[in-house]
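Notes for the structure review
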Amino acid sequence: MNLAQCVAHAQTLGLPRLEAQTLLLHQMGRPLHDRAWLLAHDTEAASVAQLASYESLLQRRLNHEPVAYIVGRKEFFGLNLQIDDRVLDPRADTELLVSWALACCPDPASAPRLLDLGTGSGAIALALQQQRPKAEVWAVDASDSALGLAQHNALALGLPVHFVQSHWLQNVSGQFHVLVSNPPYIAQHDPHLATLQHEPQQALVSGPDGLKDLREIIAQAPGHLHDGGWLLLEHGWDQAAAVRTLLHEVGLTCVQSKMDLAGIERCSGGQKK
Ligand SMILES: C[S@@+](CC[C@H](N)C(=O)[O-])C[C@H]1O[C@@H](n2cnc3c(N)ncnc32)[C@H](O)[C@@H]1O
């Protein structure tokens, strides 16, 4: 089988072309973005050993293991992060939350205090620190193992984010200009969880209606916001109205939601007067 046929074979098994190519590049030890190389070498034959090893990667993916876990890396907001099963595989949708947080502190010369709640791999906090080098960026997670990987990513990228183990805002002191969070928001009996069994349940599941953690964060947030500060939250596709109600209930103003590229209300936020 040549390399083009390897990719075609993966597609017949049901994998998107991009994933088939990424896994093949990983198997061959090539840079993951180097799809041009694959096209230029598509008539090259794969060895029997390469085919067997590629097939085992395909089976892992067909068993719903995220590509990021298989290849050990993920691009997020232009940052190359190390990823493994200690943390959620960061989603492209979450870049919307980062863009919104950056819009809330538009002056790159200012030094706002920013906090990422439930940082996982560190994706949001690290993107904010990279885009706003003068900001004092903090990141918390309840999971020590997630924090270990986030700290590793910060060190590898040379970004001076401060990490704290905390149940949401419990171990955090002081006030912030922006609180940002992509918390767990899937209901505990949601059928989608069946295809997410490789990711930490603590990163996904949030009580019977998926809103348990959003409720806790929203209740704790106003006490940790400067006047004029923003709380920005990612949530499920059908949770925007409920989250806006919760934001109003704690007295935040300018409550609004932002849509993702698919036109789904993906994030909601409000400002402390
Ligand atoms: C959906 S993941 C988001 C990870 C990362 N921010 C991202 O966007 O890729 C949610 C994160 O919240 C953390 N978490 C869950 N419950 C928590 C709690 N009570 N306090 C702090 N962090 C919590 C999980 O460990 C997980 O890393």
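Computed from a predicted structure; not experimentally measured.

1. A few points about the domain arrangement of the protein
What the domain assignment reports for the protein is domain 1 (3-63) and domain 2 (85-271). The straight-line distance from the C-alpha centre of domain 1 to that of domain 2 is 34 Å.

2. Observations regarding the packing of aromatic side chains
With the rule as written, the count across this model stands at 1 aromatic pair. Considering the side-chain rings of Trp100 and Trp230, the 6.5 Å spacing of their centres and the 55° angle between planes classify their relative orientation as tilted. With a gap of 130 residues between them, Trp100 in helix H6 (residues 95-104) and Trp230 in strand E7 (residues 225-234) connect regions that are remote in the sequence. Exposure class is identical for Trp100 and Trp230. Each is buried. For the cation-ring pair, Arg113 lies above Phe176, with the distance from its terminal atom to the ring centre recorded as 4.3 Å.

3. Here's the deal with the sheet that holds E7
Read across the open sheet, the 7 strands follow the order E5-E4-E3-E6-E7-E9-E8; overall the sheet is mixed. A strand with exactly one partner marks an edge of an open sheet, and here the two such strands are strand E5 (162-165) and strand E8 (253-259). The average undirected angle you get between the axes of adjacent strands in this sheet is 15°. As paired strands, E8 and strand E9 (residues 265-271) are joined by 5 bridges and run antiparallel to one another. By the bridge assignment for E9, Ser257 is matched with Ser268. Sheet strands in contact with H6 are strand E6 (176-181), E7, E8 and E9, and its direction is about 165° off that of E7.

4. With respect to helix H9 (residues 212-220)
In an α-helix, one turn spans 3.6 residues; hence positions three or four apart end up facing the same way. Considered for burial, the residues of H9 that qualify are Asp213, Leu214, Ile217 and Ile218. Projection of H9 onto a plane perpendicular to its axis shows the buried side chains occupying an angular sector of 130°, all on one side. The inward-facing, buried residues of H9 abut strand E3 (113-117), E6, E7 and helix H10 (240-249).

5. Description of the site of the ligand
Taken together, 18 residues surround the ligand, and among them Gly118, Asp141, Trp168, Asn182 and Ala203 come closest. Taking Ala142, its main chain carries an N or O atom lying 3.1 Å from a nitrogen atom of the ligand. Here a nitrogen atom of the ligand and a side-chain polar atom of His167 are 3.2 Å apart. By residue class, the composition of the shell around the ligand is 8 nonpolar, 9 polar and 1 charged.

6. Concerning the side chain of Arg113
Structurally, Arg113 is set in strand E3. Contact partners of Arg113, with chain neighbours within four places excluded, come to Glu136, Trp138, Ser173, Gly174, Gln175, Phe176, His177 and Val178.

Scoring rules and cut-offs
Residues numbered from 1 in each chain as written. Predicted model: local features only at pLDDT ≥ 70, side-chain atom pairs only at ≥ 80, totals over all residues. Heavy atoms only, no water. Domains from an automatic or database assignment. Phe/Tyr/Trp six-rings, centres within 6.5 Å; stacked < 30°, edge-to-face > 60°. Helix = DSSP H or I, 4+ residues; strand = E, 2+ residues; numbered from the N terminus. Buried < 20%, exposed > 50% of the residue type's maximum accessible area, 1.4 Å probe, protein only. Lys NZ or Arg CZ within 6 Å of the ring centre and 35° of its normal. Pairing = 2+ DSSP bridges. Axes fitted to C-alpha atoms, helices over the stretch in contact; angles between N-to-C directions. Contact = heavy atoms within 4.5 Å. Arc of directions from axis to C-beta. Near = heavy atom within 4 Å. Polar contact = N/O pair within 3.5 Å; in protein donor to acceptor, adjacent residues only side chain to side chain. Nonpolar A, V, L, I, M, F, W, Y, C, P; charged D, E, K, R; others polar.

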